[in-house]
Amino acid sequence: MKSLNMRIAMLMVLALIIGTLAGCGNRGSGEPSQDKGGSDISVYVGGTIFEGSLDPVKGAMSYGYPFTNNALTRVSPQSKYAGDLAKDWSVSKDARTYTFHLRKGVKFHDGSEFTAEDVAFTYETVKNNQADNTAVDLSRLESVTAEGDDTVIFQLSEPYSSFLDQTARLGIVPSDGYDSEAFDTKPVGTGPWKVAQYDTEQKIIVTANSKYYEGAPALSQVTILNMAEDTAIANAKSGQLDVVMVEPNYVEEAVEGMRIEKLETMDVRQISLPVTAETSYTTADGQKVTVGNDITADKAVRQAMDIGIDRQKIIDHALSGIGKPAKGFTGNLEWGNAAEFKDNRKQEASSLLERAGWTRGQDGIYEKGGKKCQFTVCAPTGDTARYQLAAAFGEEAKQMGIQINVEQRTWDELFQTAASVGVVWGWGQYDPIVLRNLFYSKAFKGTGTDNTVRYFNKAADKLIEKAMNAGDHEDAVAAWKKVQEVTADDHAYLYLVNIEHSYFISNDLDISLDTQIPHPHGHGAPVLCNMKDWTFQ
């Protein structure tokens, strides 16, 4: 009986999917939609967009580009900040006062005028409910004041160069029309798209904002569907989808009427390598945890792996060749400053280990002081790509006489154990504050994601503080670049790949590659960054 019930349930789900897709454009086969004049599309961009609220006050769509809600600033295709709802801005000499001058004539989806009061309301609401929005950091915001309709003044409690980054991450909501519950599924903003329908965990339908201040999008409607990736591929092949996010192992698939696009990101995958010997540590809440690792604490081991692995081979094996070898944060970030060296120098890596006192055992694995040169590298449960990267890395390390034990753990487990094992992390954002999280000695708390390697470098700490307190954006960028220079020689993080986000795109759909921004961390939704510019060829 249970088996019969399961079959019935599966048939009902299949019928629901077919019903959802009915009436969608048929561009996967190269045929335009006849239902709405060929201006509607259906897309699959992963399930992340369905996992939380669509309310920017709660951290939704904080990627640095407009969607349903514009922010004060946005990220340009050159990865620099440009004005959005703000025309321009200035920073005081003491770096504590930011003044933004706003665009005039901008309207919200409900027809109300956008003014400085809406900006002040949005920032005050987020600051008073900071726990609901971990994507935007307003911890140093002391006050926000609307001066007339088109000027906003932010006062900080202390200098914080990253505040500018926050202004690109927080979409503005209307002060008179904000509804915390309703905005979870139907936010009102000034953006190019309006949410017309939201079916929980199934689909989101957005329609073009005909009064968007930069001009109405060319497409009239976009249906964003939630489904399993293999189901999305199948529906693309049957002509039911126009854009399909795919993981690297799918890029060799042939889909009639569609092409593969591999889009640039600043998203890197790296393995954290604890730099201190194993010991116990008591957290602020009294929890005793193990931190450090006796093997990776040896700088020779970290350096040998960094110079000895063949990154391209790892990418070929783990990601079907999709991605670029990485040795730091990418050059498409204005503050990125990756180290420059040749990898795949295995003989040199072996010599380095032997000079440090390691000797080959009978099984080919190095030993020293009665300990084998082996440690654990973890990938989060369910993330196949990171697991495959860890496994491919392990194969490379084994050729150098280093044994890697690859495991998968839940995020909760990783947060508890990351300070004592290697972890395949994914980092990719415009805000250079990530460098503080990775290298600032005071960031280490024993558990969580910040400075899990327990890194300490006085010069790096001073540079991080200088960067954070800088009043001039260029001064901050210069300091952040220097942070990467002074930490590179310690090999605390082993960068593997700058990943590329892959999508099947209908041949008759132009997603405007020139205005795509380098994608931040998170495959899927970032392709929507310039959807207002998409057109039919």
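Just above sits the structure.
Rules of the game
- Residues numbered from 1 in each chain as written.
- Predicted model: local features only at pLDDT ≥ 70, side-chain atom pairs only at ≥ 80, totals over all residues.
- Heavy atoms only, no water.
- Helix = DSSP H or I, 4+ residues; strand = E, 2+ residues; numbered from the N terminus.
- Rg over C-alpha atoms; globule rule 2.2 N^0.38 Å.
- Buried < 20%, exposed > 50% of the residue type's maximum accessible area, 1.4 Å probe, protein only.
- Contact = heavy atoms within 4.5 Å.
- Areas by Shrake-Rupley, 256 points an atom, 1.4 Å probe, with all protein chains shown as cover.
- Lys, Arg positive; Asp, Glu negative; His and termini not counted.
- Charge placed at Lys NZ, Arg CZ, Asp CG, Glu CD.
- Pairing = 2+ DSSP bridges.
- Axes fitted to C-alpha atoms, helices over the stretch in contact; angles between N-to-C directions.
- Core = buried A, V, L, I, M, F, W, Y, C linked by side-chain atoms within 4.5 Å.
- 1 Å grid on protein atoms, 1.4 Å probe; cavity = no way out; pocket = protein on both sides within 12 Å on 5 of 7 lines; lining within 4 Å.
- Points joined across faces, edges and corners; volume = space filled by probe spheres on them.
- Nonpolar A, V, L, I, M, F, W, Y, C, P; charged D, E, K, R; others polar.
- Salt bridge = Lys/Arg side-chain N within 4 Å of Asp/Glu carboxyl O.

Peer 1: I tried to follow the overall build of the protein on my own but got confused; where do I start?
Peer 2: Scanning the protein for helices and strands turns up twelve helices and 26 strands. The C-alpha atoms of the protein give 25 Å as radius of gyration, which agrees with the globular expectation for 537 residues (24 Å, within 12%). Overall, the protein is about 70 × 65 × 45 Å in size when its C-alpha atoms are taken along their principal axes. A burial count over the protein gives 55% of its 537 residues as buried. Across the protein, the fraction of contacts at a sequence separation of at least 24, relative to all contacts at a separation of at least 6, is 69%. For the protein, the exposed area adds up to about 22,500 Å²; of that, 47% sits on carbon and sulfur atoms. Across the protein, the 52 positively charged side chains and the 73 negatively charged ones have centroids separated by 5 Å.

Peer 1: In this structure, what is going on with the sheet that holds strand 7 (residues 151-156)? I would like to understand it.
Peer 2: By definition, the strands of a sheet pair up through backbone hydrogen bonds, in either a parallel or an antiparallel sense. Ordered in space as 4-5-7-6, the four strands form an open sheet in which the pairing is antiparallel. Across the chains shown, the open sheet's two edge strands, defined by having one partner strand only, are strand 4 (86-91) and strand 6 (141-147). The sheet shows a mean angle of 15° between the axes of neighbouring strands, taken without regard to direction. Relative to strand 7, strand 6 runs antiparallel, the two sharing six bridges.

Peer 1: What should I look at first to understand the sheet that holds strand 19 (residues 371-372) in this one?
Peer 2: Taken together, three strands build an open sheet; the order of strands is 17-18-19 and the sheet is antiparallel. In the strand order of this sheet, the two ends are held by strand 17 (359-360) and strand 19, each with one partner.

Peer 1: Teacher, can you tell me more about the nonpolar core here?
Peer 2: A general trend in soluble globular proteins is that nonpolar side chains are found buried together. By size, the foremost hydrophobic cluster in this structure holds 121 residues, and its most contacted members are Y123 and F154. Once residues lying within four places of it in the same chain are set aside, the contact partners of F154 are L72, R96, T97, Y98, F100, V119, Y123, L141, S143, V144 and F163. The next biggest cluster of nonpolar side chains, apart from the first, holds 33 residues, and it includes I309, L352, F375 and V497.

Peer 1: What am I meant to see in the layout of surface pockets here?
Peer 2: Empty space left among the atoms is revealed by rolling a probe the size of a water molecule over them. In this model, the second largest pocket occupies a volume close to 300 Å³. Elements with a contribution of two residues or more to the lining of the second largest pocket: helix 5 (299-308), helix 12 (473-488) and strand 23 (493-498). Of the residues assigned to the lining of the second largest pocket, the class counts are nine nonpolar, six polar and four charged.

Peer 1: What's the story with empty space enclosed by the protein in this structure? I'm lost.
Peer 2: Per the counting criterion, the structure on display carries five cavities of 30 Å³ or more. Quantified by volume, the largest cavity comes out at close to 100 Å³.

Peer 1: Teacher, can you tell me more about the pattern of salt bridges here?
Peer 2: Once their charged atoms are close, side chains differing in charge can pair, the charge on each being opposite to the other. Counted by the stated rule, this structure contains 26 salt bridges. A salt bridge links K58 to D184; its shortest N-O distance comes to 2.8 Å. In this pair, K58 is assigned in the loop between strand 1 (40-44) and strand 2 (73-75) and D184 in the loop between helix 3 (163-167) and strand 8 (193-199), connecting sequence segments 126 residues apart. The partly exposed category is assigned to K58, whose relative accessible area is 26%. According to the relative accessible area criterion, D184 is partly exposed, its value standing at 24%. In this structure, D267 and R269 form a salt bridge, with 2.7 Å as the shortest nitrogen-oxygen distance.

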